[in-house]
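The chain contents come next:
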Amino acid sequence: MPEDSGKFADKVGAFAAPGSQVNIGTQIIEGQRQLTPTKFIPRGSVHFVGREQELAMLHQDLQRGDYVAIAGMGGVGKTELATQYARRYQQDYGGITWFNDRETNLAAEVLEFFLQLGFEIPQELRVSSLKEQVAWCWSKYPDSPLPILIVFDDVTDLANLAEVAPTDNCFRVLVTTRPQRLDPNLIQEISLDVLSPQKEPGKALELLKRLLGKTDRRVENQPKAATAICECLEYLPLGIELVGGYLVRDPDISLDIMFRRLQERKLAEAALQNRETINSTQLGVKAAFALTWQELDPLAQQLGRFLSLFAPQQILWDLVIWVATGGEEAENQEERQLTWSENELNEAKKQLYGQNLLQLVEEREGCYKIHALVRWFLQEQLTVSGEMQSVLETTFTTAMIAIAQGFAASPSFKDIEFFNNIVPHLEGIGERLIAEIKEANEAQIASLASVPNDEVTWIFVGLGRFYERQGLYKLAEHWYKECVNICQLLFAGDHPYVASSLDNLGLLYKNQGRYTEAEPLSTEALAMTKRLFDGDHLDVASSLNNLALLYNSQGRYSEAEPLYNEALAMIKRLFVGDHPDVATSLDNLAGLYKNQGRYTEAEPLCNEALAMTKRLFVGDHPDVATRLNNLAELYNSQGRHTEAELLYSEALAMTKRLFVGDHPHVATISNNLAELYNSQGRYSDAESLYNEALAMTKRLFDGDHPNIATSLNNLALVYYGQGLYTEAKPPFTEALAMTKRLFVGDHPDVANSLNNLAALYKCQGRYSDAESLYNEALAMTKRLFVGDHPDVAINLNNLAGLYKCQGRYAKAEPLFIEALTMRKRLFVGDHPDVANSLNNLAALYDSQGRYTKAEPLYSKALAMCKRVFGVNHFSTVMVRKNLTILILRQHFTPRAIWKRRLGQFVKILKAILILPFSLLWRLAKKLIRN
């Protein structure tokens, strides 16, 4: 059953300044590159004839800036006309871009085009509509002194055109489509008809003659038969091409015989054909197809049926061989139902290509396409192939599902590049399944053709992960939602696949910060798995962890803890002894305790997880490096720098051995070690590592990415810590701009960047600028986290600190008190944040000379720091210093000095007044004794 694979952020501590928020592993890549307009035009046919009037009309309408559609039936030559136009008039355009409607989502194709060129949709747009995302892409298309021609070929649904077509007047839009009688207010239609004698005199014969070649004289020698053939085909170019190919392969057949065969076949097809699905013109083409089909070997026919299952515009031949031969894996060879060899497939392909049933995509080596009408005929042959239909469909879908399963487990950037070639075929299966379920009645829904019910979800999960990994959340959401719908229809009531699909959609929303939408899905998934599995089960533990992760992200620690504990206890009962899932659950709970400052409880869990992982994986392993990193992060939080440095260094060395070259894990641990150096004041070491990590992250994630923004913030903090404010400002500013582009509206990373830049302005004395940013950050975190949350307390504290620096004590005090009160509610008992708030409020009172209020707060903060960090931690040392200064200040204030001097004066005065009486009394006692 599909489950959420653990994000790297759940395993490796995020690198950031104390109090900041980071989303390592967020599924977003790339930003914007500077492009140069390019011209891509399909090769086109060397046998093109006629259409001069249409070419002239096309150019005239496009130069006026109109949207222009070439409309006509399948096989009439719409794509060829668009191709010939682009070639003839390419000098009039600064760039030419070509799209083929994949019959699934034209917007996805446009977005993928820009992704492949290096663009990336900004995060703030990724929750927007597809129309807005595509519009942004067009707005970034490079400038050109000449117009840019955009061709949308074979658009099946014109309603989608408004979602993807550019609106700027620098673009010229040309569409090919079958629907006719289009709205003239929206698009200028050029209807394309057959090569009839009335409109294109002699052009059909000319096309047939060109197809046969210069040395073939059959058209000249048998003009009546040639004319009769064209008439039988109703002058449709595709039909003439099919017959031409047939005649080329048999130079001895006369045109009279060809005409009789064609006529007989057409009559036979007419008797069998349902007239509601095919018109008379297509009937002629089908007759030509049938004659061609008869010439194919049985294996070539089977291959044609098989290829009809693939998306027609992009069929990689290597993929076809891999699918048809079972991936050449030894364990598959005995089980596979098809026994084709690679050589047999290549020979069969040559036949299909030679018969014009398969066309080469000239811009891609080893890539083929099938005309839509030909594919329709091939699919019809598939439906009448008996048991072979099931064999072919099962072979195809099984291979596609296997690829989807591999991708969904842990997608990398190379996986995405490869998966681009698979997506059209997977989407075809997905859309077919959706349509099949919508058309089926309740009884039929119980089973889907060619796709086992227990594997259906992988189609949708694979597509969802593919788009999510690129930050195309709208496209990912479509497939995750469809997965939920499909599962709820296929599996009535409670079912593991329904629960899994709910969890996947919930996790997508969590990763976008859409917590209110994520929570009911994760809650429902957990409730369903508990109803399904009475007692312990891995699916229940997984749902417990997912809901706990959501609560942890929101700072709802008291709600997350029992879920993490329940999941850990359950997994320990399920897997006696060492197991990776046990180690992961230990780490999850330890991470929660660390967030709460419960270090003494977190440490044994981290140590246990590390020891278990080392027993499970001897030598270097990513999980071992992860545990080392997490324990190091815990020690660093406690100020145990020597221990932390050893673990960070070991984790970094192991990760470098595991992942040669650039890798996100290497960059992450480098950042963590640099943060340790920074906290120790080893600024040179920290700066070097931060720069190395930033350069690597930029190479890994081209353009905007959360990891890059975090690295920029970290590098700026090194400069900030040294008082190098001029050097700190550019990376702080760049990080803020990037996070705003990445995350629409409110997001913790944006609030963190606002805080960092505000702190810089505060140190530079730019108080009004700092106040504006601090207020913006505070308002944002309050909107993000309703009620108590550590980030809200941090922002209250930061704004109060600014007011204190300005001497605006009346404004600072309630904010410091609110932050302290909130932290006490959040963290029961000792916690570094509580100690920090006690110290800050004490410092405020100290600044005001309210020493009697400041001293007990300093004392409490010092005692807490000693308990949390020990006596030598820099926080403990700082608070002790503050308390000492307060005590000294109390001793040397004017009032204190005046009180001491007054006391001394009183003592002297007493001595002066009392001394005579003392002397007289002594004299009296002496006289009495005498």
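The structure presented is a predicted model; accordingly, all values stated were derived computationally and were not measured. (Residues numbered from 1 in each chain as written. Predicted model: local features only at pLDDT ≥ 70, side-chain atom pairs only at ≥ 80, totals over all residues. Heavy atoms only, no water.)

S.K.: Outline the overall build of the chain, listing residues and values.
M.R.: The helix and strand tally for the chain stands at 42 helices and eight strands. Sorting the 930 residues of the chain into buried and exposed places 54% on the buried side. For the chain, the accessible surface area stands at approximately 40400 Å², while carbon and sulfur atoms represent 52% of it. (Helix = DSSP H or I, 4+ residues; strand = E, 2+ residues; numbered from the N terminus. Buried < 20%, exposed > 50% of the residue type's maximum accessible area, 1.4 Å probe, protein only. Areas by Shrake-Rupley, 256 points an atom, 1.4 Å probe, with all protein chains shown as cover.)

S.K.: So what's going on with the sheet that holds strand β6 (residues 315–316)? Which residues, and what values?
M.R.: Read from one edge of the open sheet, three strands run β6-β8-β7, paired in antiparallel fashion. For this open sheet the edge positions go to β6 and β7 (359–360), each flanked by a neighbour on one side alone. Sheet topology places β6 next to strand β8 (residues 367–369); two bridges connect them, and they run antiparallel. Directly across from Ile315, in β8, lies its bridge partner Tyr368. (Pairing = 2+ DSSP bridges.)

S.K.: So what about the packing of aromatic side chains? Which residues, and what values?
M.R.: With the rule as written, the count across this model stands at 18 aromatic pairs. A ring pair is formed by Tyr85 and Tyr93, whose centres lie 6.3 Å apart and whose planes are at 70°; its orientation type is edge-to-face. Tyr85 gets classed as buried once you look at its relative accessible area, which sits at 0%. Relative to Phe310, the ring of Phe306 lies with its centre 5.5 Å away and its plane at 80°, an arrangement referred to as edge-to-face. Here the two residues Phe306 and Phe310 agree in accessibility, since each one is buried. One aromatic cluster is present, formed by Phe99, Trp138, Tyr141, Phe152 and Phe171 through successive ring pairs. Here Lys853 stacks its cationic end above the ring of Tyr845, 5.4 Å away from the centre of that ring. (Phe/Tyr/Trp six-rings, centres within 6.5 Å; stacked < 30°, edge-to-face > 60°. Lys NZ or Arg CZ within 6 Å of the ring centre and 35° of its normal.)

S.K.: Go over the packing of helix α27 (residues 580–595) against helix α29 (residues 622–637) with me, naming the residues and quoting the values.
M.R.: Interhelical geometry of α27 versus α29 gives an angle of 20° and a closest axis separation of 11 Å. What the angle tells us is that α27 and α29 run roughly parallel. Relative to α29, α27 is oriented so that their crossing is left-handed. In this structure, α27 uses Pro580, Ala583, Thr584, Asp587 and Lys594 to contact α29, whose residues at the interface are Arg627, Asn630, Glu633, Leu634 and Ser637. (Axes fitted to C-alpha atoms, helices over the stretch in contact; angles between N-to-C directions. Parallel < 35°, antiparallel > 145°, perpendicular 65-115°, else oblique. Left-handed = near helix turned anticlockwise from the far one by under 90°. Contact = heavy atoms within 4.5 Å.)

S.K.: Provide a residue-level description of the packing of helix α20 (residues 423–439) against helix α22 (residues 473–490), including the pertinent values.
M.R.: One can describe the packing of α20 onto α22 by two numbers: an axis separation of 11 Å at closest approach and a directional angle of 40°. Of the possible angle classes, the one that applies to α20 and α22 is oblique. As for how α20 packs across α22, the hand of that crossing is left-handed. Packed against α20, whose contacting residues are Glu427, Gly430, Glu431, Leu433, Ile434 and Ile437, the element α22 presents His478, Trp479, Glu482, Ile486, Leu489 and Leu490 at the interface. Grouping the constituent residues of the contact of α20 with α22 by class yields seven nonpolar, two polar and three charged. (Nonpolar A, V, L, I, M, F, W, Y, C, P; charged D, E, K, R; others polar.)

S.K.: Kindly report on the sheet that holds strand β2 (residues 95–100), identifying the contributing residues and their values.
M.R.: Strand order across the open sheet formed by five strands is β2-β3-β4-β1-β5, with parallel pairing between neighbours. A single partner strand is all that each edge strand has here, and the edge strands are β2 and β5 (188–191). Direction aside, neighbouring strands of the sheet carry axes that sit 20° apart on average. Contacts from helix α4 (residues 106–116) reach β2 and β3 (148–155) within the one sheet, and its direction differs from that of β2 by about 140°.

S.K.: Explain helix α28 (residues 599–616) residue by residue, including any values.
M.R.: Along an α-helix, a turn takes 3.6 residues, which lines up residues three or four apart on a common side. Between the first and last C-alpha of α28 there are 25 Å, a value that for 18 residues agrees with the 26 Å anticipated at 1.5 Å per step. Looking at α28, one finds that the buried residues are Tyr599, Ala602, Glu603, Leu605, Cys606, Ala609, Leu610, Met612 and Thr613. For α28, the secondary structure elements touched by its buried residues are α27, α29, α39 (832–847) and α40 (851–869). (Expected span 1.5 Å × (residues − 1).)

S.K.: Account for the nonpolar core, naming residues and giving values.
M.R.: One finds Trp138, Phe152 and Phe306 to be the most contacted residues of the largest nonpolar core, which totals 240 residues. Sequence-distant contacts of Trp138, defined by excluding residues within four places in its chain, comprise Phe99, Val110, Phe114, Ile150, Phe152, Val164, Ala165, Pro166 and Phe171. Within the second largest apolar cluster, 48 residues are counted, among which are Val68, Tyr89, Tyr246 and Leu262. (Core = buried A, V, L, I, M, F, W, Y, C linked by side-chain atoms within 4.5 Å.)

S.K.: Outline the state of the cysteines, supporting the account with residue identities and numerical values.
M.R.: Per the counting criterion, the structure on display carries zero disulfides. Free of any disulfide, Cys487 has its nearest cysteine sulfur in Cys483, 4.2 Å distant. According to the relative accessible area criterion, Cys487 is buried, its value standing at 1%. (Disulfide = S-S within 2.5 Å.)

S.K.: Provide a residue-level description of unusual backbone geometry, including the pertinent values.
M.R.: In the Ramachandran plot, Arg51 falls in the positive-phi region, its phi being about 65° despite a non-glycine side chain. On the secondary structure map, Arg51 appears in the loop between α1 (8–11) and α2 (52–63). Even without being a glycine, Asp154 presents a positive backbone phi close to 55°. Mapped onto the secondary structure, Asp154 falls in strand β3. A relative accessible area of 15% places Asp154 in the buried class.

S.K.: I'd like to hear about the side chain of Asp587, residue by residue, with values.
M.R.: Position of Asp587 among the secondary structure elements: in helix α27. For Asp587, the side chain forms a polar contact with the side chain of Arg627, separated by 2.8 Å. A polar contact is formed between the side chain of Asp587 and the side chain of Asn630, at a distance of 2.9 Å. (Polar contact = N/O pair within 3.5 Å; in protein donor to acceptor, adjacent residues only side chain to side chain.)

S.K.: I'd love a proper account of the pattern of salt bridges, names of residues and values included.
M.R.: Inspection of every chain in the model, using the stated rule, returns 32 salt bridges. A salt bridge links Glu561 to Arg598; its shortest N-O distance comes to 2.8 Å. Of this pair, Glu561 sits in helix α26 (residues 557–574) while Arg598 is found in the loop between α27 and α28, placing the two residues 37 residues apart along the sequence. Across the pair Arg615 and Asp578 runs a salt bridge whose closest N-O atoms are separated by 2.7 Å. Highlighted residues: Arg615 in helix α28 and Asp578 in the loop between α26 and α27, separated in sequence by 37 residues. Each of Asp61, Arg64 and Asp66 takes part in salt bridges that share partners, so that together they form one network. (Salt bridge = Lys/Arg side-chain N within 4 Å of Asp/Glu carboxyl O.)

S.K.: Please provide a residue-by-residue account of the environment of Asp788, values included.
M.R.: Assignment of secondary structure puts Asp788 in the loop between α36 (767–784) and α37 (790–805). Separated by 232 residues in the primary sequence, Asp788 and Arg556 place their C-alpha atoms 8.6 Å from one another. With residues near it in sequence (within four places) discarded, Asp788 still touches Met822, Arg825 and Leu826. Engagement of the side chain of Asp788 in a polar contact is seen with the side chain of Arg825, the distance being 2.7 Å.

S.K.: Got a sec to walk through the side chain of Thr876? Specific residues and values, please.
M.R.: By the element assignment, Thr876 lies in helix α41 (residues 874–892). Within the structure, the side chain of Thr876 is placed 2.8 Å from the backbone oxygen of Gly870, a separation counted as a polar contact. Excluding anything up to four places from it in sequence, Thr876 contacts Leu862, Cys865, Lys866, Phe869, Gly870 and Val871.

S.K.: Mind laying out the pairing of strand β1 (residues 68–71), listing which residues take part and the relevant values?
M.R.: With burial as the criterion, each face of β1 is covered, one bearing Val68 and Ile70 and the other bearing Ala69 and Ala71. With four bridges connecting them, β1 and strand β4 (residues 171–177) associate as parallel partners. Pairing of Ala71 across the sheet is with Thr177, part of β4. Pairing geometry for β1 and β5, over four bridges, is parallel. If you follow Ala69 over to β5, its bridge partner there is Glu189.

S.K.: Tell me about the environment of Asn795, and name the residues and values.
M.R.: Turning to its location among the elements, Asn795 is positioned in helix α37. Between the C-alpha atom of Asn795 and that of Glu776, which follows or precedes it by 19 residues, the distance is 9.6 Å. Setting aside residues no more than four positions away along its own chain, Asn795 makes contact with Asn755, Ala777, Leu778 and Thr781. Within the structure, the side chain of Asn795 is placed 2.6 Å from the backbone oxygen of Asp791, a separation counted as a polar contact.

S.K.: Before we move on, could you go through the environment of Cys137 and cite the residues and values that matter?
M.R.: Of note, Cys137 is situated in helix α5 (residues 130–139). For Cys137, a relative accessible area of 0% translates into the label buried. Measuring from C-alpha to C-alpha, the distance between Cys137 and Phe114 comes to 6.9 Å, with 23 residues separating the pair along the chain. Excluding its chain neighbours within four sequence positions, the residues that come into contact with Cys137 are Leu111, Phe114 and Ile121.

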